[in-house]
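Residue strings, one per chain:
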Amino acid sequence: MKTVTHTIEQKVNQQTERITGSEAVIKCLLAEGVDTLYGYPGGAIMPVYDELYKYQDQLHHVLTRHEQGATHAAQGYARISGKVGVTIATSGPGATNLITGIADAQIDSTPMICITGQVGSHLLGSDAFQETDIVGISTPVTKWNHQITKASEIPEVFAKAFYIAKSGRPGPVLIDITKDAQFEEFDFTYEKCEVIRSYKPVPKVNPDKVAEAAELINNAKKPFIVWGQGVILGEAEKELTEVIEKAGIPSAWTILGASAIPTSHPLNVGMVGMHGNYAPNKLTNECDVLIAIGMRFDDRVTGNLATYAKQAKIVHFEIDPAEVDKNVKTDVAVLGNAKESLQQLIPLLHSNSHPEWHQRFKDLYQIEFEKVIKNDLHPTKEGLTMGEVLKEINLQSKGEAAIVSDVGQHQMIACRYADFNVTKSNITSGGLGTMGFALPAAIGAKMAAPDREVVAIAGDGGYQMTIQELGTIFQTKVPVKVVVLNNDFLGMVRQWQQLFFDKRYASTELVNPDFVAIAKGYHLPAKRVTKRSELSAAVKEMMESKEAYFLEVCVEKEDNVFPMIPTGSSVSDIRLE
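Residues numbered from 1 in each chain as written. Predicted model: local features only at pLDDT ≥ 70, side-chain atom pairs only at ≥ 80, totals over all residues. Heavy atoms only, no water.

Draft legend 1. Broad picture of the pairing of strand β12 (residues 289-293). Burial runs high along β12: five of the five residues are buried. Of the two faces of β12, the one holding V289, I291 and I293 and the one holding L290 and A292 are both buried throughout. Bridging between strand β9 (residues 223-227) and β12 involves five bridges; their strand directions are parallel. Looking across to β12, one finds that I225 is bridged to I291. Taken together, the five bridges between β12 and strand β13 (residues 313-318) define a ladder with parallel strand orientation. Bridge pairing links V289 to K313 in β13. (Buried < 20%, exposed > 50% of the residue type's maximum accessible area, 1.4 Å probe, protein only. Helix = DSSP H or I, 4+ residues; strand = E, 2+ residues; numbered from the N terminus. Pairing = 2+ DSSP bridges.)

Draft legend 2. Inspection of unusual backbone geometry at higher detail. Note that the residue after F562, namely P563, is joined by a cis bond; omega there is 0°. Along the chain, the position of P563 falls in the segment after β20 (549-554). With phi around 60°, K398 is a residue other than glycine that occupies positive phi space. For K398, the position within the fold is in the loop between α17 (386-397) and β15 (402-405).

Draft legend 3. Focus on the nonpolar core. Ranked by size, the top nonpolar core spans 97 residues in total, and within it F224, L290, V483 and V553 carry the most contacts. The greatest single-element share of this core, amounting to six residues, is contributed by helix α16 (residues 355-377). Residues L98, A103, A449 and A458 belong to the second largest nonpolar core, which totals 49 residues. (Core = buried A, V, L, I, M, F, W, Y, C linked by side-chain atoms within 4.5 Å.)

Draft legend 4. The environment of P266, seen in detail. Relative to the helices and strands, P266 is located in the loop between β10 (251-253) and β11 (268-271). By relative accessible area, which is 72% here, P266 ends up exposed.

Below, the structure is given as structure tokens:
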């Protein structure tokens, strides 16, 4: 029966019809299962928007207030759903405004298709109005890009684009379409792409390498796992849990790996990296086997590479061959999708527990609790801390909310203290560190997962970079919750200035507007909290709201985020104060 159905579907897909290039774009999107896209119209993409108008009942277009907002919304949509996010913009400034979001998606492995209009093919290279070489500009930050000058190219290019964006290690793809190609008619047929010659997105798992990895793990006295987003992208959460439980291995996560395993899991020992937890950072340089799963040994995780885990055997489970031995030399590299690799690993592992090794993590956690965590979550000073705001959100959401954080101190606090009990719950800008990410990304996330509570956590600096997207919330009525932790500073930069530049706060203090008044200007319910006694009721009101809600919490102006590994230092040199 399956064979017959497949044959019928192929015949339907291969039926031709005479249509314009712009209608072909819409039909390609529908054939790929796209239901939502984010964008901003303009002259060079107007034919596609004209066709989009006719398909409003099948394809929901969200008019953002800036093209950067469209890319971040598409990222949020993709990150929480696992689908490909789609954005659309016009030529020139419309296209270049997408670049920050494209670069963010590239480094964070987010599947995204960006469609841009372009001047007519006869005008290419003439510096025509709103002409920009977006293919040239985007080449370094896309997984693939292509310029279409003939309508007949559209089906094949779109099919290839979707396949590349979502296969293997995902990433962004840009398609630039000249205006004449959008008007041109041709005989349309569509067939999904399933293979590209010479492109092998998922390496075949080598059983011998899996066996070598298992032998190292089984013989280890102090094994340590660090997992990243590759576990989530590969849908290997169940397999990772089985590995750590069977082998009894303490396991930590990178920022983008957060939520693959619940925060409360007894073998989850916290976050690694510059502002990660004390124990997993410190003990990276004490373990005898370090097992990296779906992570790329980013510099914020490793600190000084010359002193990173030199005593340990390194096992690297990785889908992208380019990441193996790029930063950290491995002893065993297992290429392939994390799910398949771990499935092969599990039966080869011995049951183990490593009680003394686990005690080391517990002892160091206690030190961190006394020096840092207690002060963040149970402060004795008068001013509010960011940590206690996250604690209250955890309480009200039962740790089931998707937290979409911006970039800065609040991001590190959110990653450290949010309870992630559901996978795909930590959506943030990791590799690029894009301020302004949270607000539009939360819009996309909520649209992709309407049954989940989605809370944006932003600082007063980054929030103002995309504050115009409140207009998108107002127009679409998407019930996202927005929390601004306001300390009247660019907090992370100020912290560095305090610690390393003798408190010379150069251009980091902010004179902020009335955020509540602005939110109310967009007809959003809004509240400001300045006292601890107000916090619980305000968060409860926000979480119980059936519509979008804005909450400003005024926090201590000069609080710092600890632990901290100073730039260029070893993970062993992590500071608690």
